[in-house]
Amino acid sequence: MTTFSFSTFLGGLCFFLYGLHLTEESLRQAAGDELRGWLTRLTRHRLSAFFFGALMTVVLQSSTATTVMLVGLTGIGVLSLRSAMPMVLGADVGTTLLVLILASFVQLDAAAIALSILIVGFLCTFFFRANPLRTYARALLGFGFLFYGLSLVAGAGGMLRGSILVREILMALSNHRSVALFFAALVTGLIQSSAALIGILLSFSASGILDVTQAVPFILGANLGNSVAPLLVGIRSQDEGKRLASFHVTAKVLGVLVAFPFMDQLVTRVQWITASPTFQIAAIHILFNIGIAVILLPTISTAARILSIVVPARPRETRFGAKYLDEQSLDSPSLAFANVFRETLRMAEIAQKMVAQSLIPFEEGGTETMERLEELDDQVDRLDREIKFYLARVNMAQLTDVQARRQVELLTLTHDLESIGDVINKDLMELAKKKRRKNVSFSKEGWAEIQEFHRKVMENFHLAITSLATGDAELGSKVIRHKSHLALLEQELGQNHLRRLHQGLREAIDTSSIHLDILSNLRRINSIVSKLSYPVLDRRDQGGK
């Protein structure tokens, strides 16, 4: 019987963990874009950021997922450290709702309810083929696996109650609370879910093999272990991400240090609140996280300043490369695409710098600017390559239609920016070299027209980047209008050049082909620049999706 109970326990644990993972993954996919969109709106004030962090955890069903996401967003600069810190505290409080649900569930006819949810979830997944309904159906199926696994663990716990080995292990751990705490922290760090371990504690408590006094060190250890995954992400993140992960670990450690000596008094207090052992375990988990939030929320500004000193900024790397392509974000398409977008804007700034300097080699005697432009083109090419490799590694199995379009959109943007670099480095610079070989000069009027046309292209480039960065469709429409105007202006300037040729102006004759090719290449650049506004206009036409 004991062997059967142990296999039932392991099987139930597998169902439980898979259900937790499936639910978290599906809800994160369904809500990722919307959550990211609300971040900047609801994080200006400490309390609103705290409650939004709790809401994110309720939606994603995992404080670990929420905290990892916040560390990533802070590391790439989407969130400030002071905005993210209250959200982390809120995320830990938000996970207590899942624990309450689990505590309520183990009091009911768990297996029957779980199987009903599984049947409904399977049917919905089978019949709903289109996102987002299919995504929510998968989340429902995940809940079914989660609750069914919990029912098996609880049932196995009842059978294991008479096991001498189980009793000896629990007695040994209860006699060494610090060992039990670190054991729970280790297990939580490995499975990356405090809710999973606490769910097991609830099942054991409902089965009568674990009382609340024995459970307290495991609860504290589960909360401590919950900081492991964000810490691992923070180690590989940028400076602000490191600081946020350090804050989360520090908050948990301080909470454990304060609560550990008073575990017996804590048990006495919760026994006044409820007589149910399962709800007593849930209450301790809730009080622990709320207590941390109450203590630390008023100190956010001071804590941020201390973290800036304790976790200093890393020296900047001299080797050029991508800055925002965080490896830890690849499992979350929304976060990965946000990283790529920031890197794309950086790439656009380099391309804009290339366009700004593209006429200098036609005037200077040396090759300094040409060499600089070649270096900038190499940077654009490198970012284009790294972005494409990064996008190829994004988890595409569960991309929504909107996310799939976004991926193609980002690939197109980087390709267009790389094309601008090629036009400058391969075409315009060849014209500059040709001008030097022939040792000719532009007419004063002709060169002024080229410079004016170049200035208008630069203005349109600036509008296009601003439209892309802000999502301003009005600016995007203006960029498209300027594209037509500049095409007409190129024709007008070409006519002016022909007029000077007819007048027999020596400079115009000497530089005729170079002059017209410069205008043509600048117009090509402007056409590519205008394409940067198409995604903004497409989103407007699709109703902001």
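Reading the values: the criteria
- Residues numbered from 1 in each chain as written.
- Predicted model: local features only at pLDDT ≥ 70, side-chain atom pairs only at ≥ 80, totals over all residues.
- Heavy atoms only, no water.
- Helix = DSSP H or I, 4+ residues; strand = E, 2+ residues; numbered from the N terminus.
- Buried < 20%, exposed > 50% of the residue type's maximum accessible area, 1.4 Å probe, protein only.
- Contact = heavy atoms within 4.5 Å.
- Core = buried A, V, L, I, M, F, W, Y, C linked by side-chain atoms within 4.5 Å.
- Patch = residues over 30% accessible without salt bridge, like charges linked within 9 Å, V, L, I, M, F, W, Y side chains within 5 Å.
- Areas by Shrake-Rupley, 256 points an atom, 1.4 Å probe, with all protein chains shown as cover.
- Salt bridge = Lys/Arg side-chain N within 4 Å of Asp/Glu carboxyl O.
- Axes fitted to C-alpha atoms, helices over the stretch in contact; angles between N-to-C directions.
- Left-handed = near helix turned anticlockwise from the far one by under 90°.
- Nonpolar A, V, L, I, M, F, W, Y, C, P; charged D, E, K, R; others polar.
- Expected span 1.5 Å × (residues − 1).
- Bend = angle between axes of the 7 residues up to and from the residue.
- Parallel < 35°, antiparallel > 145°, perpendicular 65-115°, else oblique.
- Phe/Tyr/Trp six-rings, centres within 6.5 Å; stacked < 30°, edge-to-face > 60°.
- Lys NZ or Arg CZ within 6 Å of the ring centre and 35° of its normal.
- Lys, Arg positive; Asp, Glu negative; His and termini not counted.

A. Spotlight on the overall build of the protein. Within the protein, the regular secondary structure consists of 23 helices and zero strands. A burial count over the protein gives 54% of its 545 residues as buried. For the protein, contacts bridging at least 24 residues in sequence account for 82% of all contacts bridging at least 6.

B. Structural detail: the nonpolar core. If you look at the biggest cluster of nonpolar residues, it comprises 59 residues, and the most contacted ones within it are Phe362, Ile420, Ile424, Leu428, Phe461, Ile518 and Ile525. Of all elements in the fold, only helix H16 (333-357), helix H17 (368-392), helix H18 (401-438), helix H19 (444-470), helix H20 (473-502) and helix H22 (512-531) reach the threshold of two or more residues within this core. With 11 residues, H16 is the single largest residue contributor to this core. The contacts of isoleucine 420, once residues within four sequence positions are left out, are Ala351, Val355, Phe461, Ile525, Ile528 and Val529.

C. Examining a nonpolar patch on the surface more closely. The grouping of Ile119, Phe122, Leu123, Phe126, Phe127 and Phe128 at the surface amounts to a nonpolar patch, some 630 Å² of accessible area in total. Structurally, leucine 123 is set in helix H5 (residues 110-127).

D. Seen up close, the packing of helix H13 (residues 263-273) against helix H14 (residues 277-296). Where H13 contacts H14, the axes come no closer than 9 Å and their chain directions differ by 120°. Crossing hand, H13 versus H14: right-handed. Here Leu266, Val267, Val270 and Gln271 of H13 come into contact with H14, specifically with Gln280, Ala283, Ile284 and Leu287. Its residues assigned to classes, the contact of H13 with H14 comprises six nonpolar, two polar and no charged.

E. Summary view of the pattern of salt bridges. Within this structure, the stated rule accounts for 16 salt bridges. The salt bridge partner of lysine 531 is aspartate 416, with a shortest N-O separation of 3.2 Å. Of this pair, lysine 531 sits in helix H22 while aspartate 416 sits in helix H18; the two residues are 115 residues apart in sequence, bridging distant segments of the chain. Judged by its relative accessible area of 34%, lysine 531 is partly exposed. Within the structure, one salt-bridge network assembled from shared partners comprises Glu452, Arg455, Lys456 and Glu459.

F. Up close: unusual backbone geometry. Of note in the backbone geometry, asparagine 439 takes a positive phi value of approximately 55° without being a glycine. Mapped onto the secondary structure, asparagine 439 falls in the loop between H18 and H19.

G. Here's a closer look at H18. An ideal rise of 1.5 Å per residue puts 56 Å on 38 residues; H18 measures up with 55 Å between its terminal C-alpha atoms. The axis of H18 is deflected most strongly, by about 25°, at methionine 429. Phi turns positive, to about 55°, at asparagine 439, one or two residues after H18.

H. Focus on the packing of H16 against H17. H17 packs onto H16 with a crossing angle of 165° between their chain directions and a minimal axis gap of 10 Å. On the basis of their axis angle, the class for H16 and H17 is roughly antiparallel. You can see that H16 and H17 cross each other, and the crossing is left-handed. Its residues placed into classes, the contact of H16 with H17 shows 14 nonpolar, five polar and six charged.

I. Expanded view of the packing of aromatic side chains. Evaluated as defined, the whole model comprises four aromatic pairs. Between phenylalanine 362 and phenylalanine 442, the ring centres sit 6.4 Å apart and the planes meet at 55°, which makes this aromatic pair tilted. Here phenylalanine 362 is found in the loop between H16 and H17, whereas its partner phenylalanine 442 is found in the loop between H18 and H19, with 80 residues between them in sequence. Comparing phenylalanine 362 with phenylalanine 442, the two get one shared label, buried. Relative to tryptophan 447, the ring of phenylalanine 362 has its centre 6.4 Å away and its plane inclined at 50°; by these criteria the two rings are tilted. Here tryptophan 447 lies in helix H19 and phenylalanine 362 lies in the loop between H16 and H17, a separation of 85 residues in the sequence. Between arginine 342 and the ring centre of tyrosine 324, over which it is positioned, the NZ or CZ distance is 4.2 Å.

J. Structural detail: the side chain of aspartate 422. Examined against the element boundaries, aspartate 422 turns out to sit in helix H18. Buried charge aspartate 422 goes without a salt bridge, the closest partner of opposite sign being lysine 426 at 4.1 Å. Once residues lying within four places of it in the same chain are set aside, the contact partners of aspartate 422 are Asp377, Asp381 and Asp427.

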